[in-house]
Each structure stands twice: as C-alpha cells, then as structure tokens.
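Close look at the chain arrangement
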Amino acid sequence: MLRVKLNGPSPLFCFGIFLVMCLLLCFACAPAPTDQELQKDVQSLKTEVAALKQQIDQLKAGQKQIQDTLKEMQEPGEPAAPMPPPAEPSTAGPSAAPSPKAISLSQLLQDKDRLTGTRVTVKGTPGPVMMHKKTLYLQAPEGMLEVFFGDLQDKKQIERLGSQSLEEPITVTGLLTRSPGTGYDPSRLRIVAESVDF
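As the structure is a prediction and not an experimental result, all values here were calculated from the model. (Residues numbered from 1 in each chain as written. Predicted model: local features only at pLDDT ≥ 70, side-chain atom pairs only at ≥ 80, totals over all residues. Heavy atoms only, no water.)

Looking now at the pattern of salt bridges. Within this structure, the stated rule accounts for 5 salt bridges. With a closest N to O distance of 3.2 Å, Lys-64 and Asp-68 form a salt bridge. Here the residue Lys-64 and the residue Asp-68 both occupy positions in helix H2 (residues 31-74), the gap between them amounting to 4 residues, near one helical turn. Of the residues examined, Asp-68 reaches a relative accessible area of 29% and is grouped as partly exposed. Of the charged contacts, one joins Asp-111 and Arg-114 as a salt bridge, the two residues approaching to 3.4 Å between their closest N and O atoms. (Salt bridge = Lys/Arg side-chain N within 4 Å of Asp/Glu carboxyl O. Helix = DSSP H or I, 4+ residues; strand = E, 2+ residues; numbered from the N terminus. Buried < 20%, exposed > 50% of the residue type's maximum accessible area, 1.4 Å probe, protein only.)

Structure below.
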C-alpha cells in the first residue's frame, strides 16, 4: 500500500503564484503615469497647433491686404500718382509750387481704404505740432492725419515747421500708411512727408 505524505504547497506552485503577483503589480503601476504624460504632451501639442494656426491666419490677412493694395495701384480706373525722381530739397514759401492733384483732407479720409499704401498729396489745416517727434497733424471735421516730417531733405524746413505757428493750410506729399494707435483709434493714418509746402 502506497502512502502519500503531504508537506504543504509545492515550490513550483509558490513560484507560479509569485510570478502572477509580480505581473499584476507591473500592469497596475505602469500605465497611470504614462497616460498622464501623454495627455500633457497632447495638450501642449494642441496649444502649439492653435498658436501656429493663428500666426498663419495673420500672415494670410497681411498678404491679402498687400495683394489688394497692389490691385488698387494697378487698376486702370484711377491710376496712382507715379513715383517721382528723388526730390531735391524743398524751399518752402510763396515761390514753391504745390504738388499737382492735391486732394483735401476730407477726401483723403473718405477714401482712406483705397489710398492706403499709395503716394498722395493732401492739403489741410495744420493742427498740433510735436517737435520732439517731428510730427504735425492735419485736421478736418472728419478727423486728423499724422504727418511725420523728420525725413525731409531740407533741415531748415524741419526747424521752421517746429518753430513757427502754422495757421494757413499746408500741402503735404508722401506715402499714406496706417500706424498702430492708442485709445479710441486703434489704427491711425500717417504720412511720411517727402515735401511740405506752406
């Protein structure tokens, strides 16, 4: 007759249970930090993509504005004033002839969208002069126009613009642009003057 002596669980059985427990611990601990890191990475990538889309939209809007300006300059209906040869120093005074096709400040403000980016000659009533910025303002009932005169060739004329009070209308020729403004007018009109006649 055979006798079987049971001394408890076999070593192979204990090793199998130990192996299963180790595997369960590995599966329970590993995925949680990885999921959180992946979610953070995905969120940061989404933020970067949104910022890139916004920059691309801004570039497209700027490109469209440039193309529209070029189309307006090339339209045969009203040709833009041709670019003159480099201007000689202007002598302001009664003998200086005003540039041809001068428009009033009111007309310029009405057609500002069409004229922005082109060379214009505008006649208007001078307003405040800020000599430290080499800037003066033309004023009309419809609004104001900033005129930067610091790039004029005639340095004496720059001094005269800042030193004497201007009461008579003046004629300014230069490139009409928009510059970032403050307060109620986020985009103000500005001319970099090539010549000023008064």
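Moving on from the model shown.
A few words on the side chain of Thr-118. Along the polypeptide, Thr-118 turns up in the loop between helix H4 (112-115) and strand S2 (119-130). A polar atom in the side chain of Thr-118 sits 2.5 Å from the backbone oxygen of Leu-115. The contact partners of Thr-118, leaving out residues within four places of it in the chain, are Met-73, Gly-174, Leu-175 and Leu-176. (Polar contact = N/O pair within 3.5 Å; in protein donor to acceptor, adjacent residues only side chain to side chain. Contact = heavy atoms within 4.5 Å.)

Attention now goes to the nonpolar core. By size, the foremost hydrophobic cluster in this structure holds 23 residues, and its most contacted members are Leu-108, Leu-138, Leu-145 and Val-172. Listing elements by their share of this core, those giving two or more residues are helix H3 (105-110), S2, strand S3 (135-140), strand S4 (143-148), helix H5 (155-163), strand S5 (170-180) and strand S6 (187-197). When residues of this core are assigned to their parent elements, the largest contribution, 4 residues, is made by S6. If we skip the residues at most four places from it in the chain, Leu-108 touches Ile-103, Leu-115, Val-120, Val-122, Leu-145, Leu-176 and Leu-189. (Core = buried A, V, L, I, M, F, W, Y, C linked by side-chain atoms within 4.5 Å.)

Turning our attention to H5. Burial in H5 covers these residues: Gln-157, Ile-158 and Leu-161. The buried side chains of H5 occupy one side of the element, clustering within an arc of 105 degrees when seen end-on. Counted as exposed and oriented over 90 degrees from the buried face of H5: Lys-155, Lys-156, Glu-159 and Ser-163. Its side-chain oxygen at 3.1 Å from the backbone nitrogen of Lys-156, Asp-154 defines the N-terminal cap of H5. (Arc of directions from axis to C-beta.)

The general pattern is negative phi for most residues beyond glycine and trans for most peptide bonds. Backbone geometry at Lys-134 places phi at a positive 55 degrees, although glycine is not the residue there. Assignment of secondary structure puts Lys-134 in the loop between S2 and S3.

Note: strand S1 (residues 103-104) against S2, 2 bridges, orientation parallel. Looking at the pairing, Ile-103 lines up with Val-122 of S2. One ladder, built from 4 bridges, connects S2 with S3; its direction is antiparallel. Paired with Met-130 across the strands is Thr-135, a residue of S3. Between S2 and S3, which pair antiparallel and follow one another directly, the connecting turn spans 4 residues, one of which, Lys-134, has a positive phi of 55 degrees. (Pairing = 2+ DSSP bridges.)

What follows is about the environment of Ser-163. Looking at the secondary structure, you find Ser-163 in helix H5. Considered as a pair, Ser-163 and Val-129 are 34 residues apart in the sequence and their alpha carbons are 9.2 Å apart.

A few words now on the environment of Ser-104. Structurally, Ser-104 can be placed in strand S1. For Ser-104 and Thr-121, which are 17 residues apart along the polypeptide, the C-alpha to C-alpha distance reads 8.7 Å. For Ser-104, the residues in contact, after removing those within four places along its chain, are Val-122 and Lys-123.

Read these as spatial facts, not as claims about activity.
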